[in-house]
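# Geometric and topological summary
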Amino acid sequence: MALFAACQGIETRAGFMDDVYPLLQEVLPHERFVCAIATVAPVAVLDVVNAGFPTAFVTDVVDRRGRIASPVIRRWLMSDAPVYFDETLCDAFLEDGDDSWLDTFRQHGMRNLIAHGIKDLLGAATSYFCFGGVPDGDEARRRMLQLVMPHLHAALRAHYRLKGREQDVELSCREREVLQLVCVGKTNEAIGSILGISPWTVKVHVRNFMAKLNVSTRGHAAAMAMKNGLVTL
């Protein structure tokens, strides 16, 4: 109950680490911890809080093509359930291209991971929490993760929303509508069908809001939109 109460009063990153994290360590003992907010379609990491994981292990989660490079995150995205990993499960988890992830796991002496999170509306955004060096991945620990996750999600979302925003960006109503649909992974053709406009007109709106946001990709535009509260997902 103390952890749940602390999650409701978060206003800063420091508050998350000072007030929530020590209680989380008591409820779910672990050696390393990382959590993040990201859009899923397209993939764009918005914010990360890291306590003990190697930087390379965290920053390489999304590769240059936007592919999720972590087998644990991929498994969680498919199952929406707590995911446990140790080296006895390599055959079930690893795909082609996961060698560097496993090398980093081994290089830094990691024993195991357990992870869970919550997807926002339509699965367009998610908060994700990963714990390294846990005693085990038994059913009781998985149930505990499911119990605390809504409260951790609320705390992380509040911390992220309350961070200082960059200078306001002026978008037209139509640009915001198009941006909203870009953030959930819609193509220009699909957006045009939904809004009753041509794909070419959609392309113009995309070009305009990307210029205003000073970004060069749709994924970066989605990240900026989430960061600055330009869309609601």
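Look up: the structure comes first, before these words.
Note that the structure is a prediction, hence the values are computed from the model and not measured.

Further remarks concern the overall build of the protein. Within the protein, the secondary structure is distributed over 11 helices and 5 strands. Looking at the protein as a whole, 48% of its 233 residues are labelled buried. For the protein, the accessible surface area stands at approximately 11700 Å², while carbon and sulfur atoms represent 53% of it.

Here we take up the packing of aromatic side chains. Scanning the entire structure with this criterion turns up 10 aromatic pairs. Judged by centre distance (5.2 Å) and plane angle (35°), the rings of Tyr21 and Phe33 are tilted. You can see Tyr21 sitting in helix H2 (residues 13–27) and its partner Phe33 sitting in strand E1 (residues 32–39), a full 12 residues away along the chain. Across the pair, exposure class does not vary: Tyr21 and Phe33 are buried alike.

Summed over all chains, the structure comprises 8 salt bridges. The shortest N-O distance in the salt bridge between Glu31 and Arg111 comes to 3.1 Å. With Glu31 in the loop between H2 and E1 and Arg111 in the loop between helix H6 (99–107) and strand E4 (112–119), the pair connects residues that are 80 residues apart, well separated along the chain. The class of Arg111 is partly exposed, set by a relative accessible area of 42%. The partner of Asp136 in a salt bridge is Arg141, and the shortest N-O contact between them spans 3.2 Å. Note on Asp136: relative accessible area 26%, which makes it partly exposed. Where salt bridges share partners, they join Arg74, Glu95 and Asp98 into one cluster.

The next subject is the side chain of Arg141. Here Arg141 lies in helix H7 (residues 139–161). Overall, Arg141 belongs to the buried group, its relative accessible area being 15%. Within the structure, Arg141 has its side chain in polar contact with the backbone oxygen of Asp136 (distance 2.9 Å). Among all residues touching Arg141, those that are not within four sequence positions of it are Leu28, Pro29, Ile114, Val134, Pro135 and Asp136.

Looking now at helix H8 (residues 173–183). Buried residues of H8: Glu175, Val178, Leu179, Leu181, Val182 and Cys183, and no others. In this structure, the buried residues of H8 make contact with helix H9 (188–195), helix H10 (199–213) and helix H11 (218–227). Once H8 ends, the next one or two residues include Gly185, with phi positive near 85°.

The rules behind these values
Residues numbered from 1 in each chain as written. Predicted model: local features only at pLDDT ≥ 70, side-chain atom pairs only at ≥ 80, totals over all residues. Heavy atoms only, no water. Helix = DSSP H or I, 4+ residues; strand = E, 2+ residues; numbered from the N terminus. Buried < 20%, exposed > 50% of the residue type's maximum accessible area, 1.4 Å probe, protein only. Areas by Shrake-Rupley, 256 points an atom, 1.4 Å probe, with all protein chains shown as cover. Phe/Tyr/Trp six-rings, centres within 6.5 Å; stacked < 30°, edge-to-face > 60°. Salt bridge = Lys/Arg side-chain N within 4 Å of Asp/Glu carboxyl O. Polar contact = N/O pair within 3.5 Å; in protein donor to acceptor, adjacent residues only side chain to side chain. Contact = heavy atoms within 4.5 Å.

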